[in-house]
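Next come the chains, spelled out residue by residue.
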Amino acid sequence: MTGRSPRFTESTQGRLRRLNLATSLPPVVFAAVVLLYTDARTWWHVVVLAPGAVAAVVAFERWTANDLARVALPCLVVAAAVWPLGVLVTGSPNAYWGVCAVGSLALREVRRRRKLVMAGLFTYVAAVGAARLLVQRDDIGHVLVTYVLIPTALTVIVTVFTVVGERFYDLIRELEQTREREAELAVVRERVRFASDLHDIQGHTLHVVKLKIALAQRLLLRDTARAEKELRETYMLVSDTIAQTKELAYAQRRLNLTAEMENAKNLFEAAGIRVRVTREAEVDARASELLGQVLRETTTNILRHAQATQVQITLAASGITIVNDGVTATTALELRGLAALRQRVAGDGGELTVEQKDGRFLTAAVFPPARADAAPTVSGEDGR
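What comes next is a walk through the structure. (Residues numbered from 1 in each chain as written. Predicted model: local features only at pLDDT ≥ 70, side-chain atom pairs only at ≥ 80, totals over all residues. Heavy atoms only, no water.)

Let us now look at the side chain of arginine 296. Considering the arrangement of structural elements, one finds arginine 296 in helix α10 (residues 285-305). With relative accessibility at 19%, the residue arginine 296 sits in the buried group. Separated by 2.9 Å, the side chains of arginine 296 and glutamate 260 make a polar contact. (Helix = DSSP H or I, 4+ residues; strand = E, 2+ residues; numbered from the N terminus. Buried < 20%, exposed > 50% of the residue type's maximum accessible area, 1.4 Å probe, protein only. Polar contact = N/O pair within 3.5 Å; in protein donor to acceptor, adjacent residues only side chain to side chain.)

Within the structure shown, the criterion is met by four cavities of 30 Å³ or more. Approximately 110 Å³ is the volume found for the largest cavity. Along the wall of the largest cavity there are 13 residues; nearest its centre are Leu35, Leu36, Leu49, Asn94 and Ala95. Contributing elements (two or more residues each) for the lining of the largest cavity: α2 (25-39), α3 (43-64) and α5 (97-106). Partitioning the lining of the largest cavity into residue classes produces eight nonpolar, four polar and one charged. (1 Å grid on protein atoms, 1.4 Å probe; cavity = no way out; pocket = protein on both sides within 12 Å on 5 of 7 lines; lining within 4 Å. Points joined across faces, edges and corners; volume = space filled by probe spheres on them. Nonpolar A, V, L, I, M, F, W, Y, C, P; charged D, E, K, R; others polar.)

Let us look at a nonpolar patch on the surface. Taken together, Trp43, Trp44, Val47, Leu85, Leu88, Val89, Leu134 and Val135 make up a surface patch of nonpolar side chains, about 820 Å² in accessible area. Within the residue set of the nonpolar patch, elements represented by two or more residues are α3 and α4 (68-90). As for its placement among the helices and strands, leucine 85 is situated in helix α4. When its relative accessible area of 39% is taken as the criterion, leucine 85 is described as partly exposed. (Patch = residues over 30% accessible without salt bridge, like charges linked within 9 Å, V, L, I, M, F, W, Y side chains within 5 Å. Areas by Shrake-Rupley, 256 points an atom, 1.4 Å probe, with all protein chains shown as cover. Salt bridge = Lys/Arg side-chain N within 4 Å of Asp/Glu carboxyl O.)

Moving on, we get to the pattern of salt bridges. Under the counting rule described, the total for this entry stands at six salt bridges. Put simply, Glu61, Arg62, Asp67 and Arg70 are held in one network by salt bridges that share partners.

Below, the structure written as structure tokens:
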């Protein structure tokens, strides 16, 4: 056997595990108890049959944790040993249940010759059931139906449903991979936009600087005053470009909050993340620029560091709040870009809060009423 670890993120794997434990484990345990109660007529029958039921429950629990490969073989050996003991010793027609459950799950870990292994499982169940004829020859029809036909047919049905269910998880896995690629593309688009801004700032400037320096070189010997003027203008142009580049690097260029909210919404939707935007009020122009920077940085952090499925953006008179899920225990709380913005927000009299709790990440930038004194004239919601 060779295990194949599905490429689920930690948060997705955790949600699937909780769902399976809540919906499927209780029926599995209930079935084990009912079969033991039905087939065990003495205490030592319980001793013989219980390991098969326990092996099935353990295999299912480890499967929900994506750790079946580690216990599949021991559980299969135990369950496979219980079936012949049930047939020949206790006369239990349901002792096949353990090898049926463990075997169908273990087939997910088989990558080569799966059909051959599957046929071997069915043959084993049928052959062991037929061995009941060694101790009960007076009713062949009953033995063939109770110990061979029914166990084999149910094993086939359970195995088929398990294989079909595997396709469901393959679909989830593919959707997860698609979501990751969409998030990466969203980050790439953001980087392209940054590169475009940088090109706008430096491309034209560098071309002009090149021309002015070439002109100054030609004027240096025959018109020193003009050459000095060209170099002075070049110096001022370079200084201005450096300032603009610093502003860009530290997200200090003027931003339009409305445009940033629309851009964030589009990026999240492109990454397969549900987004809900609530506008409770409008803020003044000065706060709007800084809040746009907070929103842009938070959007990038969510796409890069979280496995979010939904984001709530709330714009209030006092500031902006962004809440996302998909946060794991390993997600970094103090992110460098937000730490730099926290200083700027504090310098303008506001407060930037970054909080991680119960699998959610909250980023909130709040300004005092003096900075966010616009009347709440607009109220509405926009989202998907």
